[in-house]
Amino acid sequence: MSGEPNDEELEKLRQEKMEQMQEQGGQGQGQGVDEEAMEAQREQREAQKKAMLRKHLTDEARKRLNTVQMSKPDFGDKVEQQVLALAQSGRIQGKIDDEKMKQLLKELQPDKKSFDIQRR
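Within every chain, residues take consecutive numbers counted from 1 along the sequence as written. Whole-chain, interface and lining totals are the exception, using all residues; otherwise, since this is a predicted model, local features are given only for residues with pLDDT of at least 70 and side-chain atom pairs are given and counted only at 80 or more. Neither water nor hydrogens contribute to the side-chain values; these are computed over all heavy atoms in the structure.

Strands here are runs of E lasting at least two residues and helices are runs of H or I lasting at least four, both read from the DSSP assignment and numbered beginning at the N terminus. The helix and strand inventory of the protein chain stands at 4 helices and 0 strands. For the protein chain, the N- to C-terminal ordering of α and β elements is α-α-α-α. Think of it in three bands: with a 1.4 Å probe and only protein chains considered, a residue is buried below 20% of the maximum accessible area for its type, exposed above 50%, and partly exposed in between. For the protein chain, the proportion of its 120 residues judged to be buried stands at 20%. The criterion used for residue contact is that any of the two residues' heavy atoms lie within 4.5 Å. Long-range pairs, those at least 24 residues apart, make up 67% of the contacts in the protein chain with a sequence separation of at least 6.

Have a look at this one:
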């Protein structure tokens, strides 16, 4: 035995490796279906959220919310969730205009901490 595999052994190893790869590929496809379903559900929720915002916000208020989301995504999401919660609970009469949106932003904005530095 010289230590080098012959052609038959190489072919057998290649075949085993191909079978392993195919098995792993089959398992990955099953996960892909779940991921696609989750992605479809996420897109559906996003579409419902956008429709609800369109229904309860004026164009100016939506623009202001979009601007806030671009500059401060976390705060924008918080405001969006608050608007959706108000809408779902039925506490919104009519539409939220730009002035009401400004008030809501002020209410939800965290208090700014001021630092007074005194020099001696």
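This part covers helix α2 (residues 59-71). The first and last C-alpha atoms of α2 sit 19 Å apart over 13 residues, in line with the 18 Å expected at 1.5 Å per residue. Along α2, the positions that sit buried rather than exposed are Ala61, Leu65, Val68 and Gln69. Down the axis of α2, the buried side of the element spans an arc of 100°, and every buried residue falls inside it. Within α2, the exposed residues directed more than 90 degrees away from the buried face are Lys63, Met70 and Ser71. By this rule, a helix spans an expected 1.5 Å times one less than how many residues it contains. Comment: arc refers to directions from the helix axis out to C-beta atoms.

In this section: the nonpolar core. We define the nonpolar core as a collection of buried residues of types Ala, Val, Leu, Ile, Met, Phe, Trp, Tyr and Cys that are connected through side-chain atoms lying within 4.5 Å of one another. In this structure, Leu57, Val79, Val83 and Met101 are the most contacted members of the largest nonpolar core, which totals 17 residues. For this core, the secondary structure elements donating two or more residues are α2, α3 (73-89) and α4 (98-108). For this core, the leading source of residues is α3, giving 6 residues. Dropping the residues within four chain positions of it, Val79 is found in contact with Leu65, Met101, Leu104, Leu105 and Leu108.

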